[in-house]
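Coordinates in review
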Amino acid sequence: MDLHIAIIGAGMGGLACALALSKRGFKNIDVYESASNLGFVGAGIQLAPNMARILDRLGVWKDIEKEAVDLKETSIRQGDTDNELGHVDLRYIRSTYGYPHMVGHRASLAGALFAGCQREPSITFHFSATVESVQSFSPKPTFTVKPRNGDLYQVTCDVLLAADGVKSLTRSKLLADLNIHAEIQDTNQAAYRIMLTRAQVSHDPELLALINGDNVTRWIGEKRHIIAYPVSSKEIYNISTVQPDTNFAAAPSATYTTKGSKDSMLKIFADFCPKIQRMLALVPDGEVCEWKLRVHSPLPTWVHGCVALVGDACHPTLPHLAQGAAQAIEDAAVLAVVLAKCPDSSPASLNKALRVYEAVRKERAETLVELAAQSGRALHLGDGAAKAERDRAFAALKEKKGGGVPDKWADAEVQKKIYGFDCMNVAEEEFEKLFQGLKAHV
């Protein structure tokens, strides 16, 4: 419990790692974050049962749940006509998995995790502290930190957890050290993230009905879709889009966000129904933000010596299953279990414990990354035989004839695979067998 554990990044994965480890009794946890403060921003986020279960065990779920909206149903609609293609009742989720499927504001989730960390004396945050390089991975990881105001300094720790995102410097260094070539992949897709207040939609009865509802709506069209739902006690209507990338194609590869053009956004969805036109027209000029959607080719390993990658650093995903943050939080929960169960603090044992984490998490996370991509391909079909087949599957669903849902997020079998999996229990039960079967790589 006296291990010095360093965490790079104070996003969802980094915060969850720190809190989960502290709750397991670790006493010396340092978090390095390049931003000067967490400045909670962002848009809506889906709070699936597999995430809620972990957050509850960490003691922060009740604060998040207070402002979240409990989803009762989802409607998948044709973008140009607003005709409903499919409808799924979500009320069964609470009784089946012990937690509802809720939606909330990212700031609420991050804020609750940060507040939980601040209550733990074992966690120290270092803001305005950019990790510039990683010198060694074992027996004790060493890395260099550049404070915004100050001189470079080196940190040596027992375990280094890199939750430094899709642009992870640690991942690049880890792969180079192992002579592995794997790259960030361009999806040729981008996303607008928009939030409308209740006051902005109050004059429009159709839009007011959306913010007052307990449902998530997805409007789909060729190579594009819009997903929307109320958050923050139904005071905000959250809208996320996916569309072909045009603005980032010529930008430097390091560019992931940009101020979007309202005119461009309206043109991209110009053939969508009048309700969508009115909704998008309400977005104030200058408040259109566009995100580049990038993923990463699957990595041969997430672990090198006493260093492990976490969240988007090792399994960035498209948003179509709404599992990005949930999977980072699962990573954190499993890391806390395996490090707590590690029989001693030798680098050899720590390496094996981290590789148990990889064994429990890697295949599951990568399967969900592929399922999200698969769902996106189905949602974005243009006219043709494949779209006709997809729409027949949606129709069968409405007529209660059974069969899978083309939108995998709403498919009961996929939900069972995602929500019914208790990663912490699996890690507890499988640790001994997996640990004993490994040889240390240090």
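Residues numbered from 1 in each chain as written. Predicted model: local features only at pLDDT ≥ 70, side-chain atom pairs only at ≥ 80, totals over all residues. Heavy atoms only, no water.

Structural notes on the sheet that holds strand 19 (residues 303-304)
Strand order across the open sheet formed by six strands is 8-2-1-12-20-19, with mixed pairing between neighbours. The sheet is open, and its two edges are formed by strand 8 (123-126) and strand 19, each paired on a single side. Bridge analysis of strand 1 (residues 4-8) against strand 2 (residues 28-32) gives five bridges, and the strand direction is parallel. For Ile8, the partnering residue across the bridge sits in strand 2 and is Tyr32. Packed on one face of the sheet, helix 6 (residues 169-177) meets strand 1, strand 12 (159-162), strand 19 and strand 20 (307-309) and runs near 120° to strand 20. (Pairing = 2+ DSSP bridges. Helix = DSSP H or I, 4+ residues; strand = E, 2+ residues; numbered from the N terminus. Contact = heavy atoms within 4.5 Å. Axes fitted to C-alpha atoms, helices over the stretch in contact; angles between N-to-C directions.)

Brief notes about the sheet that holds strand 10 (residues 142-147)
Strand order in the open sheet formed by three strands is 9-10-11, and the pairing between neighbours is antiparallel. Single-partner strands in this sheet number two, and they are strand 9 (129-136) and strand 11 (153-156). The mean angle between the axes of side-by-side strands here comes to 30°, regardless of whether they run parallel or antiparallel. Relative to strand 10, strand 9 runs antiparallel, the two sharing six bridges. Its bridge partner lying in strand 10, Val134 is registered against Phe143.

Quick look at the environment of Trp61
By the element assignment, Trp61 lies in helix 3 (residues 61-67). For the pair Trp61 and Leu109, spaced 48 residues apart in the sequence, the C-alpha separation amounts to 8.6 Å. Setting aside residues up to four positions removed in sequence, Trp61 forms contacts with Leu47, Ala52, Leu55, Asp56, Tyr99 and Met102.

Some details on the pattern of salt bridges
Side chains that differ in charge, positive against negative, can pair when their charged atoms come close. Inspection of every chain in the model, using the stated rule, returns 24 salt bridges. Among the ionic pairs, Lys27 bridges to Asp2, the shortest N-O distance being 3.8 Å. Of the two residues, Lys27 sits in the loop between helix 1 (12-23) and strand 2 while Asp2 sits in the segment before strand 1, which places them 25 residues apart along the sequence. For Asp82, the salt bridge is made with Arg77, and the minimal N-O distance between the two is 2.9 Å. (Salt bridge = Lys/Arg side-chain N within 4 Å of Asp/Glu carboxyl O.)

A few points about the environment of Pro49
Structurally, Pro49 can be placed in helix 2 (residues 49-57). Here Pro49 falls in the buried class, since its relative accessible area comes to 0%. For the pair Pro49 and Pro100, spaced 51 residues apart in the sequence, the C-alpha separation amounts to 6.0 Å. (Buried < 20%, exposed > 50% of the residue type's maximum accessible area, 1.4 Å probe, protein only.)

What about the state of the cysteines?
For the coordinates displayed, the defined rule picks out zero disulfides. Cysteine Cys117 is unpaired, with the sulfur of Cys17 as its nearest cysteine sulfur at 9.8 Å. Judged by relative accessible area, Cys117 falls into the buried class, the value being 1%. (Disulfide = S-S within 2.5 Å.)

Re helix 2
Where burial is concerned, most of helix 2 is hidden: seven out of the nine residues are buried. Among the residues of helix 2, those classed as buried are Pro49, Asn50, Met51, Ala52, Arg53, Ile54 and Leu55. Trailing helix 2 by a residue or two, Gly59 shows a phi angle of about 85°, which is positive.

Side note on the side chain of Arg218
For Arg218, the position within the fold is in strand 14 (residues 215-221). With residues near it in sequence (within four places) discarded, Arg218 still touches Ser75, Ile76, Arg77, His225, Ile226, Ile227, His320, Leu379, Asp407 and Trp409.

Considerations on the pairing of strand 14
In terms of residue burial, strand 14 counts as a mostly covered element, since seven of its seven residues are buried. Burial along strand 14 is two-sided: Asn215, Thr217, Trp219 and Gly221 and Val216, Arg218 and Ile220, pointing in opposite directions, are all buried. Across six bridges, strand 5 (residues 73-78) lies against strand 14 in parallel orientation. Paired with Ser75 across the two strands is Thr217, which belongs to strand 14. Connecting strand 14 to the antiparallel partner strand 15 (residues 224-231) that follows it, the hairpin turn spans two residues, and Lys223 within it adopts a positive phi of roughly 60°.

Observations concerning the packing of aromatic side chains
For the structure on display, the rule yields nine aromatic pairs. Summarising the aromatic geometry, the rings of Tyr97 and Tyr419 are spaced 5.8 Å apart at their centres and angled 85° between planes, so their arrangement reads as edge-to-face. In this pair, Tyr97 sits in helix 4 (residues 92-97) while Tyr419 sits in helix 14 (residues 412-419), placing the two residues 322 residues apart along the sequence. Look at Tyr97 and you get buried, because its relative accessible area is 11%. By relative accessible area, which is 2% here, Tyr419 ends up buried. For the pair Phe114 and Phe127, a centre-to-centre distance of 6.2 Å together with 80° between the ring planes defines the contact as edge-to-face. Of this pair, Phe114 sits in helix 5 (residues 106-118) while Phe127 sits in the loop between strand 8 and strand 9, placing them 13 residues apart in sequence. For Phe127, a relative accessible area of 27% corresponds to the partly exposed category. An aromatic cluster is built from Tyr92, Tyr97 and Tyr419, whose rings are joined through pairwise contacts. Its guanidinium or amino end placed over the ring of Trp291, Arg193 lies 4.7 Å from that ring's centre, counting from NZ or CZ. (Phe/Tyr/Trp six-rings, centres within 6.5 Å; stacked < 30°, edge-to-face > 60°. Lys NZ or Arg CZ within 6 Å of the ring centre and 35° of its normal.)

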